[in-house]
Amino acid sequence: MSVIRSVVAGCGSYLPENIVTNRELAEKVDTSDEWIIERTGIRQRHIAAEGEMTSDLAIKAAERALEDAGLTADDLDLIILATATPDQTFPATATRVQAALGMTRGAAFDVQAVCSGFIYALTTADNFIKAGQAKNVLVIGAETFSRILDWEDRTTCVLFGDGAGAVILTAGEGTGANTDRGILSTHLHSDGRYNELLFVDGGPSSTRSTGYLRMKGREVFRHAVKNLAEVVGESLEATGLTADDVNLVVPHQANKRILDGTARKLGIDPDKIVVTVHKHANTSAASIPLALDEAVKSGRIERGDVLILEAMGGGFTWGACLLRW
């Protein structure tokens with residue numbers, strides 16, 4: 001019996017030209033290069049230029065993903081953009097991308113699950129494809145987190161950066177076995193009891209302002225390692241695969257210690273973990289597609305490889321996607 005699978009047909013990414021190193025930050029904030037590296041593994045981050053919006057980053061990543069897939073905007077049925085930093089309260093930033101690409105049919109909308117946003121968007125796209133409602137879907141993670149940072153709070157402003165990544169999912173045919181190409185399973189979770197551990201202290205309905213990111217890092221770290229290890233285990237169990245079958249883990253790039261802790265808890269070889277946090281910092285919903293595109297372009301991913309994408313973000317939200325390239 002044949003089944004519909006969502007296959008990655010192409011990917012692309014974009015990072016703002018402006019790079020800010022830890023040493024440059026230390027000139028403005030009470031911190032140091034050594035302090036940041038020791039606690040996070042971050043060495044630099046990209047910061048959007050004045051007037052450069054989330055949609056600008058998303059459009060560039062989308063254009064590169066379309067080119068990589070050998071498709072045009074006319075081939076797209078749907079655009080799903082994951083972001084916590086939209087251009088405007090409304091309309092959806094995805095519609096700005098739609099217009100810029102010249103896509104005049106189908107639909108475009110945003111998904112908001114903070115750092116888990118790309119996994120949520122990927123899962124939504126996969127379900128549209130499996131339901132037969134879309135054949136080609138552009139999935140984007142794009143953020144300008146620099147716009148919601150308190151640059152006087154050294155515990156948070158050093159952690160984040162801006163960027164965008166995108167993939168094209170296209171409908172393919174499989175047998176229903178775990179040897180199929182494409183997305184094999186997705187798993188989403190949230191627990192709203194932990195709102196106060198990672199949040200933005202503003203919004204249209206509460207303060208009529210954007211607000212700033214606030215985080216209790218130690219508590220977030222503890223939950224992240226536990227939740228990510230569990231959801232990866234859930235993905236493996238659902239597909240009948242083991243950690244040994246995984247060729248590469250492409251995680252949300254929040255903190256090097258979280259990446260190392262999750263790998264240890266799962267018993268996965270650290271060499272199988274894609275790490276870009278030292279160059280990009282935490283780019284929220286953009287971090288997984290940015291890391292994925294870098295791994296593809298550097299030749300680390302080959303056809304048939306088994307990948308696990310996983311993330312946790314404010315809410316708390318967390319999730320994983322297991323796919324065969």
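Cut-offs used in this document
Residues numbered from 1 in each chain as written. Predicted model: local features only at pLDDT ≥ 70, side-chain atom pairs only at ≥ 80, totals over all residues. Heavy atoms only, no water. Phe/Tyr/Trp six-rings, centres within 6.5 Å; stacked < 30°, edge-to-face > 60°. Helix = DSSP H or I, 4+ residues; strand = E, 2+ residues; numbered from the N terminus. Buried < 20%, exposed > 50% of the residue type's maximum accessible area, 1.4 Å probe, protein only. Lys NZ or Arg CZ within 6 Å of the ring centre and 35° of its normal. Axes fitted to C-alpha atoms, helices over the stretch in contact; angles between N-to-C directions. Parallel < 35°, antiparallel > 145°, perpendicular 65-115°, else oblique. Left-handed = near helix turned anticlockwise from the far one by under 90°. Contact = heavy atoms within 4.5 Å. Nonpolar A, V, L, I, M, F, W, Y, C, P; charged D, E, K, R; others polar. 1 Å grid on protein atoms, 1.4 Å probe; cavity = no way out; pocket = protein on both sides within 12 Å on 5 of 7 lines; lining within 4 Å. Points joined across faces, edges and corners; volume = space filled by probe spheres on them.

Structural notes on the packing of aromatic side chains
To describe a pair of aromatic rings, you give the distance between the ring centres and the angle between the ring planes.
In step 1: Counted under the stated rule, the structure contains three aromatic pairs.
In step 2: Between F109 and F128 the ring centres are 6.3 Å apart and the planes differ by 45 degrees, which places this aromatic pair in the tilted class. With F109 in strand β5 (residues 107-111) and F128 in helix α5 (residues 117-130), this residue pair connects regions lying 19 residues apart in the sequence.
In step 3: The exposure class of F109 is partly exposed, given its relative accessible area of 27%.
In step 4: When the ring centre of W35 is taken as origin, the NZ or CZ atom of R154, which lies over that ring, is 4.7 Å away.
In step 5: Positioned above the aromatic ring of F221, the side-chain terminus of R257 is 5.3 Å from the ring centre.

What to know about the packing of helix α3 (residues 54-69) against helix α4 (residues 93-101)
In helix packing, the relevant descriptors are the interaxial angle and the interaxial distance, both defined with respect to the helix axes.
In step 1: Close contact between α3 and α4 brings their axes to 9 Å; oriented N to C, the two are set at 50 degrees. Considering their axes alone, α3 and α4 lie oblique with respect to each other. As α3 packs across α4, the resulting crossing turns out to be right-handed. The residues of α4 that touch α3, namely those facing T54, S55, A58, I59, A62, E63 and L66, are T93, R96, V97, A100 and L101.
In step 2: Classifying every residue of the contact of α3 with α4 by side-chain character gives seven nonpolar, three polar and two charged.

Some words on unusual backbone geometry
Excluding glycine, most residues fall at negative phi; most peptide bonds, likewise, are trans.
In step 1: Residue P91 follows F90 across a cis peptide bond; omega there is 5 degrees.
In step 2: Within the element layout of this structure, P91 appears in the loop between β4 (78-82) and α4.
In step 3: The omega torsion of the bond from G315 to F316 falls at -20 degrees, within 30 degrees of zero and hence cis.
In step 4: Topologically, F316 is positioned in the loop between β12 (306-313) and β13 (317-324).
In step 5: With a phi close to 55 degrees, S284 is a non-glycine residue in the positive phi region.
In step 6: Locating S284 in the fold gives a position in the loop between α9 (277-280) and α10 (287-297).

Observations concerning empty space enclosed by the protein
In step 1: Counted according to the given criterion, the structure contains one cavity of 30 Å³ or more.
In step 2: Reported here for the largest cavity is a volume of approximately 40 Å³.
In step 3: Lining the largest cavity, in full, are V249, P251, L259, T262, A263, L266, I268, I273 and E310.
In step 4: Listed by contribution, the elements that provide at least two residues to the lining of the largest cavity are β11 (248-251) and α8 (256-266).
In step 5: It is α8 that provides the largest number of residues to the lining of the largest cavity, a total of four residues.
In step 6: Here the lining of the largest cavity is composed, by residue class, of seven nonpolar, one polar and one charged.

By themselves, these figures tell us nothing about what the structure is for.
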